[in-house]
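# Breakdown of the fold
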Amino acid sequence: MESGARELGLRLYDLVRSVRLLKQRRADERPAIPPGMLGTLVQIDQLSSDCHARDLVDRTRLDASTISRSVTALVAQGLVERRPDPTDRRATFLAVTPAGRAALADSHRWYGEVIERALTDWTPDEVAALVAALGRFAGDIEVALGNNDNDTLEAAR
């Protein structure tokens, strides 16, 4: 298994490089969302209208200061707005603005087109197998690392 693990490690390196290239190309061609902010915007959108910054910290495992800077940048770009939390006057809910939703839709469409081009020669079964394998692998990596909820992804950036 050692040589298989080594080969997988090399392929993962290739994948990470490809993902970085993909992210950079998206930022160049679709600059509505600042580089590095798409993931935070997606998370705010998925958490809906009851999203606090602390929810983003928990969900993304990023440091609170990183989330704070990201949210500030997204608000400055007009992609996210802060709304008062009626139950806690010190807190605010985060919500994706109409401009943020349009930028998200554009980014999703762009990624979808690139991924479809990349998978042109793949069968539906091959795509389904990749999706299942990647999902399982991501979960198994967390288990192998001890799935420590206190871990953050700061060092992985």
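Structural notes, computed from the coordinates. Per chain, residues are indexed from 1 in the order of the written sequence. The predicted origin of the model limits local features to residues at a pLDDT of at least 70 and limits the giving and counting of side-chain atom pairs to 80 or more, whereas totals for whole chains, interfaces and linings rest on all residues. To get the side-chain values, take all heavy atoms of the structure and skip hydrogens and water.

### Quick notes on the overall build of the protein
For clarity, the cut-off: Working definition: helices are DSSP H or I runs of at least four residues, strands are E runs of at least two. Numbering for both runs from the N terminus. Only protein chains enter the calculation, and the probe is 1.4 Å; a residue is then buried if its accessible area is under 20% of its type maximum, exposed if over 50%, and partly exposed in between. Any pair of residues with heavy atoms lying within 4.5 Å of one another is described as a contacting pair. With residues, only the protein chains shown are counted as cover, and all accessible areas are computed by Shrake-Rupley using a 1.4 Å probe. Here Asp and Glu are counted as negative and Lys and Arg as positive; His is not counted, and neither are the chain ends. For this purpose, a charge sits on NZ of Lys, CZ of Arg, CG of Asp or CD of Glu.
Scanning the protein from N- to C-terminus turns up six helices and two strands. Listing each helix as α and each strand as β along the protein from the N terminus yields α-α-α-α-β-β-α-α. Taken along its principal axes, the extent of the C-alpha atoms in the protein is 55 × 35 × 25 Å. For the protein, buried positions account for 24% of its 157 residues. If you take every contact in the protein between residues at least 6 apart in sequence, the share linking residues at least 24 apart comes to 56%. Of the accessible surface of the protein, which amounts to about 10900 Å², a share of 56% is contributed by carbon and sulfur atoms. Treating the 21 positive side-chain charges of the protein as one cloud and the 24 negative ones as another, the clouds have centres 5 Å apart.

### Regarding unusual backbone geometry
The phi dihedral of arginine 61 falls on the positive side, at around 65°, and the residue is not glycine. Along the chain, arginine 61 turns up in the loop between α3 (53-60) and α4 (64-76).

### Describing helix α2 (residues 38-47)
Those residues of α2 that fall on the buried side of the exposure criterion are Leu38, Thr40, Leu41, Val42, Gln43 and Ile44. Its buried side turned inward, α2 meets α1 (2-29), α3, α4, β1 (80-85), β2 (88-96) and α5 (98-118). Serine 48 occupies a position one or two residues after α2 and carries a positive phi of about 65°.

### Examining the pattern of salt bridges
Heads up, the rule is: Every case where a carboxyl oxygen of Asp or Glu lies within 4 Å of a side-chain nitrogen of Lys or Arg is listed as a salt bridge.
For the structure on display, the rule yields 10 salt bridges. Here arginine 11 makes a salt bridge to glutamate 7, at a shortest N to O gap of 2.1 Å. Placement of both arginine 11 and glutamate 7 in helix α1 is noted, with a separation of four residues, approximately one turn of the helix. With relative accessibility at 40%, the residue arginine 11 sits in the partly exposed group.

### Details of the packing of α2 against α3
Inclusion rule: Where helices are involved, their axes are fitted lines through C-alpha atoms of the stretch in contact, as for all axes, and angles between N-to-C directions lie from 0 to 180°. With respect to orientation, any angle under 35 degrees is reported as roughly parallel, any angle over 145 as roughly antiparallel, any angle of 65 to 115 as roughly perpendicular, and every other angle as oblique. What makes a crossing left-handed is the near helix being turned counterclockwise from the far one by less than a right angle; a clockwise turn instead makes it right-handed. Residues are grouped as follows: nonpolar covers Ala, Val, Leu, Ile, Met, Phe, Trp, Tyr, Cys and Pro; charged covers Asp, Glu, Lys and Arg; every other residue, Gly included, is treated as polar.
Between α2 and α3, whose axes approach to 10 Å, the crossing angle comes to 110°. Relative to α3, the element α2 lies roughly perpendicular. When the axes of α2 and α3 are compared, the crossing they make is right-handed. Contacts between α2 and α3 involve Thr40, Gln43, Ile44, Gln46 and Leu47 from the former and Asp55, Leu56, Arg59 and Thr60 from the latter. Class assignment of the residues belonging to the contact of α2 with α3 gives a composition of three nonpolar, four polar and two charged.

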